[in-house]
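The chain contents come next:
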Amino acid sequence: MTTSVRTEPEARPPGRLFRLPGVYRPQEDTALLSGVLAGDPRIGPGARCADLGTGSGALAIALARTGAVVVAADISVRALASAWVNTVLRALLIGLLRGGLREAAEAGPYDVVVANPPYVPSPAPAVRSTRAWDAGPDGRAMLDPLCAAAPSLLTRAGALYLVQSTMSDVDKTRYALAAGGLRSEVLARAEVPFGPVASGRLKYLTERGFVRPGDRAEELVVLRAAR
Ligand SMILES: C[S@@+](CC[C@H](N)C(=O)[O-])C[C@H]1O[C@@H](n2cnc3c(N)ncnc32)[C@H](O)[C@@H]1O
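Residues numbered from 1 in each chain as written. Predicted model: local features only at pLDDT ≥ 70, side-chain atom pairs only at ≥ 80, totals over all residues. Heavy atoms only, no water.

*Asks:* Is there a simple way to think about the site of the ligand in this case?
*Replies:* The environment of the ligand is formed by 16 residues, the closest being Thr30, Gly53, Asp74, Asn116 and Ala132. Measuring from a nitrogen atom of the ligand, one finds a backbone N or O atom of Gly53 at 2.8 Å. Taking Asp74, its side chain carries an N or O atom lying 2.6 Å from an oxygen atom of the ligand. The fraction of the free accessible surface of the ligand (600 Å²) that becomes covered by protein chains is 90%. Class assignment for the residues of the shell around the ligand results in 6 nonpolar, 8 polar and 2 charged. (Near = heavy atom within 4 Å. Polar contact = N/O pair within 3.5 Å; in protein donor to acceptor, adjacent residues only side chain to side chain. Areas by Shrake-Rupley, 256 points an atom, 1.4 Å probe, with all protein chains shown as cover. Nonpolar A, V, L, I, M, F, W, Y, C, P; charged D, E, K, R; others polar.)

*Asks:* For this particular structure, what's the right way to read the pattern of salt bridges?
*Replies:* Pairing of side chains with opposite charge becomes possible as their charged atoms draw close. Per the stated rule, a full pass over the model turns up 8 salt bridges. For the salt bridge of Glu103 with Arg102, the shortest nitrogen-to-oxygen distance reads 3.3 Å. Between Asp134 and Arg201 there is a salt bridge, and its shortest N-O distance comes to 2.8 Å. Of this pair, Asp134 sits in the loop between strand E4 (110–115) and helix H5 (143–153) while Arg201 is found in the loop between helix H7 (196–200) and helix H8 (202–207), placing the two residues 67 residues apart along the sequence. (Salt bridge = Lys/Arg side-chain N within 4 Å of Asp/Glu carboxyl O. Helix = DSSP H or I, 4+ residues; strand = E, 2+ residues; numbered from the N terminus.)

*Asks:* Even after reading the chapter, I still don't get the sheet that holds strand E3 (residues 95–98), so can you show me in this structure?
*Replies:* The strands that make up a sheet pair up through hydrogen bonds in the backbone, lying either parallel or antiparallel. Strand order in the open sheet made by the 7 strands is E3-E2-E1-E4-E5-E7-E6, with mixed pairing throughout. The open sheet has two edge strands with one neighbour each: E3 and strand E6 (183–193). Strand after strand, the sheet turns through a mean of 15° between neighbouring axes, direction not considered. In this sheet, strand E2 (residues 69–74) lies alongside strand E1 (residues 48–52) in parallel orientation, the contact comprising 5 bridges. The partner of Ala50 across the bridge, within E2, is Val71. Strand contacts of helix H3 (residues 77–89): E2 and E3, with the helix running at about 175° to E3, the strand carrying the most contacts. This element, H5, spans E1, E4 and strand E5 (154–165) of the sheet and lies at about 165° to E5. (Pairing = 2+ DSSP bridges. Axes fitted to C-alpha atoms, helices over the stretch in contact; angles between N-to-C directions. Contact = heavy atoms within 4.5 Å.)

What follows is the structure, given as structure tokens:
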């Protein structure tokens, strides 16, 4: 039996998604990243793409709809199960991978890697219920390993798209990418009100200098990095 998958010229948001309890709901960061993918000629039929930390599969689905061959990785089994349901409902084929950077690198390299990693500074390391957003004392628990792994994840002409908050130091990300030979540029910025996670730890974030007293919003930034 053959399945025909209608491809579309540009990655676009996937609409309403099924999520098991605890799986990240696609939010402003997801939309901001998804919004910059349109128009990249690397993305399209046959392109090899990876979505690292796929959650419910929002970004993976946006890529797969263009005809790209997509690997969606996550450490959460619930996330992968949710992503699977969402791809089946849309008659899309996506490779689901349990794991993180190492496992994704083994299945690479990729023409395009997208990542909306956890980036909220947290007083304690992430636990199972908070690992979608908690990213350790500097907010970089996944960002630093991702920057270090990026050159090996990408084909020669490949590109990494990632979104993060300015709370977790965008310059540090750009320096780390440059150290691996990747030039980065800011493609989008958006100021968004603090969500429940940041609001719930404003005292900590303010005391540590991640936000200024009185701040009620953070800035999200989308970077693209390539050789
Ligand atoms: C902010 S959520 C983003 C989910 C989805 N990409 C979106 O934008 O809606 C981050 C995701 O990364 C996953 N994650 C956290 N740490 C990870 C790691 N070390 N390796 C792989 N996935 C990880 C979480 O389980 C979560 O699904």
